[in-house]
Amino acid sequence: MPEGPELHMASRYVNRVCAGVVFSGAVEKSEVSKNPEVPFASEAYRISATSRGKEMRLTLTPIEGEDSKDGGETGDPQPMDVVFRFGMSGFFRFTPEDELPKHAHLRFYTRERPRQALSFVDIRRFGTWEPNGNWQPERGPCIMFEYHSFRENVLLNLLDRAFDRPICEALLNQKYFNGIGNYLRAEILYRLKIPPFVKARTVLDGLLLKDHAEKNAKRAKEESTPVQVRANGDRISQPISYTV
């Protein structure tokens, strides 16, 4: 199952293959997919991607003036975000139109001829997409790109019942560990030599104590630094000198 790193790699792939590429027309959905239609069409637009935990967002951005130039009566369409969750087997591919992958369930076509397509491919069809979507609010901060918020979210909520569970189960809770799945939790616990069925709170309490110790040490250092005041009222921190 794709996890945080795979979603990030997918976003990088999309940004690489779509750099400088102009897409055109409507977004096309396969007949067998039960996901919603993507109500977006433009004579010329670009695609960019970003990831957060186990979600990836495609941003469809019309090129200003292109739709009205080509005879559109309603002016340029508005940008649209489409949020993807990859399920068990989702990924993106950029191919010529006549080489579409078999399970390409959502397709974005280029304006150039012969046309190419950026496709969301999902063999098992557990993946989803959400037009005009947002990051799911019940998911916590991203483990990779919002590390300080992620750490704070865990340590400030250690009394939550979620941390009564074994650490191997708690690591799958996306409210606190957004982006971690089966293979990552196994690698983390193995490399850190943490028994998988130890209570999560027991494992993480040590980090909370370490944070408190570091804050106390920082506070003590600040309090031991004498302060001078300039004539204009500005404070000047003066390190303690032990020179005799």
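These figures come from a predicted structure and were not determined experimentally. (Residues numbered from 1 in each chain as written. Predicted model: local features only at pLDDT ≥ 70, side-chain atom pairs only at ≥ 80, totals over all residues. Heavy atoms only, no water.)

Q: Let's hear about the overall build of the protein chain: which residues, and what values?
A: Across its full length, the protein chain carries six helices and eleven strands. Taking all 244 residues of the protein chain together, 39% fall into the buried category. Long-range pairs, those at least 24 residues apart, make up 62% of the contacts in the protein chain between residues at least 6 apart in sequence. Accessible surface, the protein chain: about 14800 Å² in total, of which carbon and sulfur atoms supply 52%. (Helix = DSSP H or I, 4+ residues; strand = E, 2+ residues; numbered from the N terminus. Buried < 20%, exposed > 50% of the residue type's maximum accessible area, 1.4 Å probe, protein only. Contact = heavy atoms within 4.5 Å. Areas by Shrake-Rupley, 256 points an atom, 1.4 Å probe, with all protein chains shown as cover.)

Q: Lay out the packing of aromatic side chains with the relevant residues and their values.
A: Under the counting rule described, the total for this entry stands at 14 aromatic pairs. Through a chain of ring-to-ring contacts, the aromatic side chains of Phe84, Phe86, Phe92, Phe120 and Trp129 assemble into a single cluster. Across the ring face of Tyr13, the terminal group of Arg93 is positioned such that the distance to the ring centre comes to 5.8 Å. Across the ring face of Tyr109, the terminal group of Arg115 is positioned such that the distance to the ring centre comes to 4.1 Å. (Phe/Tyr/Trp six-rings, centres within 6.5 Å; stacked < 30°, edge-to-face > 60°. Lys NZ or Arg CZ within 6 Å of the ring centre and 35° of its normal.)

Q: Run through the sheet that holds strand S6 (residues 90-96), naming residues and quoting values.
A: In spatial order, the strands read S2-S7-S8-S6; together these four strands make up an open sheet with antiparallel pairing. Two strands in the sheet have a free side with no partner beyond their single neighbour: strand S2 (28-29) and S6. Sheet analysis places S2 next to strand S7 (residues 104-109), joined by two bridges and oriented antiparallel. When the bridges of S7 are listed, Glu28 appears paired with Arg107. Strands in contact with helix H1 (residues 4-17) are S6 and strand S8 (116-122); relative to S6, the strand with the most contacts, it is inclined by about 15°. (Pairing = 2+ DSSP bridges. Axes fitted to C-alpha atoms, helices over the stretch in contact; angles between N-to-C directions.)

Q: Any chance you could break down the layout of surface pockets for me, citing the residues and the numbers?
A: Put simply, the largest pocket is a space of about 380 Å³. Lining the largest pocket are 17 residues, with Phe150, Leu171, Phe177, Ile188 and Leu204 sitting closest to its centre. Secondary structure elements with two or more residues in the lining of the largest pocket: helix H3 (147-155), helix H5 (182-191) and helix H6 (200-223). When residues in the lining of the largest pocket are grouped by element, the largest group, five residues, is from H3. When grouped by side-chain class, the residues that make up the lining of the largest pocket number 16 nonpolar, no polar and one charged. (1 Å grid on protein atoms, 1.4 Å probe; cavity = no way out; pocket = protein on both sides within 12 Å on 5 of 7 lines; lining within 4 Å. Points joined across faces, edges and corners; volume = space filled by probe spheres on them. Nonpolar A, V, L, I, M, F, W, Y, C, P; charged D, E, K, R; others polar.)

Q: Would you mind going over the confidence of the model for the protein chain in detail, with residue names and values included?
A: Model confidence for the protein chain is summarised by a mean pLDDT of 89, while 86% of its residues fall at 70 or above. A low-confidence stretch, residues 240-244 stays under pLDDT 50, and its non-local contacts, those more than four residues away or across chains, total two contacts. (pLDDT = per-residue confidence, 0-100.)

Q: Lay out H3 with the relevant residues and their values.
A: Of the positions making up H3, those classed as buried are Phe150, Val154 and Leu155. Buried positions in H3, seen along its axis, are confined to an arc of 120° and lie on one side of it. (Arc of directions from axis to C-beta.)

Q: Can you explain a nonpolar patch on the surface? Please cite residues and give values.
A: On the surface, a cluster of nonpolar side chains totalling about 310 Å² of accessible area is made up of Met1, Met88 and Phe126. Relative to the assigned elements, Met1 resides in the segment before H1. (Patch = residues over 30% accessible without salt bridge, like charges linked within 9 Å, V, L, I, M, F, W, Y side chains within 5 Å. Salt bridge = Lys/Arg side-chain N within 4 Å of Asp/Glu carboxyl O.)

Q: For H1, give the residues involved together with the corresponding values.
A: The first and last C-alpha atoms of H1 sit 20 Å apart over 14 residues, in line with the 20 Å expected at 1.5 Å per residue. Of all the residues in H1, the buried ones are Gly4, Leu7, Ala10, Ser11, Tyr13, Val14 and Val17. Against strand S3 (41-52), strand S4 (55-62), S6 and S8 lie the buried residues of H1. (Expected span 1.5 Å × (residues − 1).)

Q: Mind laying out the environment of Glu3, listing which residues take part and the relevant values?
A: Here Glu3 shows up in the segment before H1. C-alpha of Glu3 to C-alpha of Arg85: the two residues are 82 residues apart in sequence and 9.9 Å apart in space. From its side chain, Glu3 meets the backbone nitrogen of Gly181 in a polar contact 2.9 Å long. Separated by 3.0 Å, the side chain of Glu3 and the backbone nitrogen of Asn182 make a polar contact. (Polar contact = N/O pair within 3.5 Å; in protein donor to acceptor, adjacent residues only side chain to side chain.)

Q: Lay out the sheet that holds strand S9 (residues 128-131) with the relevant residues and their values.
A: Taken in spatial order, the five strands make up an open sheet running S1-S3-S4-S5-S9, and their pairing is antiparallel. Edge positions in the sheet fall to strand S1 (23-26) and S9, since each has one partner strand and no second. Strand-to-strand twist in this sheet, taken as the mean axis angle between neighbours without regard to direction, amounts to 35°. The pairing of S3 with S4 spans eight bridges and is antiparallel. Along S4, the bridge assignment pairs Ser51 with Met56. Running over the sheet, H1 touches S3 and S4 and is turned about 150° from S3.

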